[in-house]
Amino acid sequence: MCEWCAQLPLTKQIFTPRAYEEIIACIKELVEQRQFILVKGSCPLGQHRRPDGSWVGDVIFHTIQCPRCGELFTCSVDTYHGGGSFRQGE
């Protein structure tokens, strides 16, 4: 990691939907304002819920890349069983 991405709010365990929503808001800001690159995702960033409030899938993930050093970071959640993480790596 470089100085640009060393301050990311990585977490080994996401326990609640609210915590996941906060991380997704952070990732969206990283992409829109700090030039992180959205490498891939299971859905468009920020569109992880349907209009009725349900999740778009049982597993949702997004991988972003630091624009300076190229390091990858992945946020993934299991909406069916619960839990997830925002970690370094793909």
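Below is a summary of the structure that appears in this document.

Criteria and thresholds
Residues numbered from 1 in each chain as written. Predicted model: local features only at pLDDT ≥ 70, side-chain atom pairs only at ≥ 80, totals over all residues. Heavy atoms only, no water. Helix = DSSP H or I, 4+ residues; strand = E, 2+ residues; numbered from the N terminus. Buried < 20%, exposed > 50% of the residue type's maximum accessible area, 1.4 Å probe, protein only. Pairing = 2+ DSSP bridges. Axes fitted to C-alpha atoms, helices over the stretch in contact; angles between N-to-C directions. Expected span 1.5 Å × (residues − 1). Arc of directions from axis to C-beta. Contact = heavy atoms within 4.5 Å.

Our next topic: the environment of Leu10. Residue position: Leu10 is located in the segment before helix H1 (17-33). Overall, the relative accessible area of 33% leaves Leu10 in the partly exposed class. Taking the C-alpha atoms as reference points, Leu10 and Ile23, 13 residues apart in sequence, are found 8.8 Å from one another.

Attention shifts here to the sheet that holds strand S4 (residues 84-88). Taken in spatial order, the four strands make up an open sheet running S1-S2-S3-S4, and their pairing is antiparallel. Of all strands in the sheet, those bounded by a partner on one side alone are strand S1 (37-41) and S4. Each strand axis lies, on average, 15° off the axis of its neighbour in the sheet, ignoring direction. As judged from the four bridges shared by S1 and strand S2 (residues 59-65), these two strands associate in the antiparallel manner.

Here we come to H1. Here H1 contains 17 residues, and its C-alpha end-to-end distance of 24 Å stays within 8% of the 24 Å for a straight helix at 1.5 Å per residue. Those residues of H1 that fall on the buried side of the exposure criterion are Tyr20, Ile23, Ile24, Ile27 and Leu30. Buried residues along H1 cover an arc of 115° about the axis, so they all sit on one side. Exposed side of H1, more than 90 degrees from the buried face: Arg18, Glu32 and Gln33 are the residues found there. In this fold, the buried residues of H1 make contact with S2, strand S3 (72-78) and S4.

Interpretation in functional terms is not warranted from these geometric data alone.
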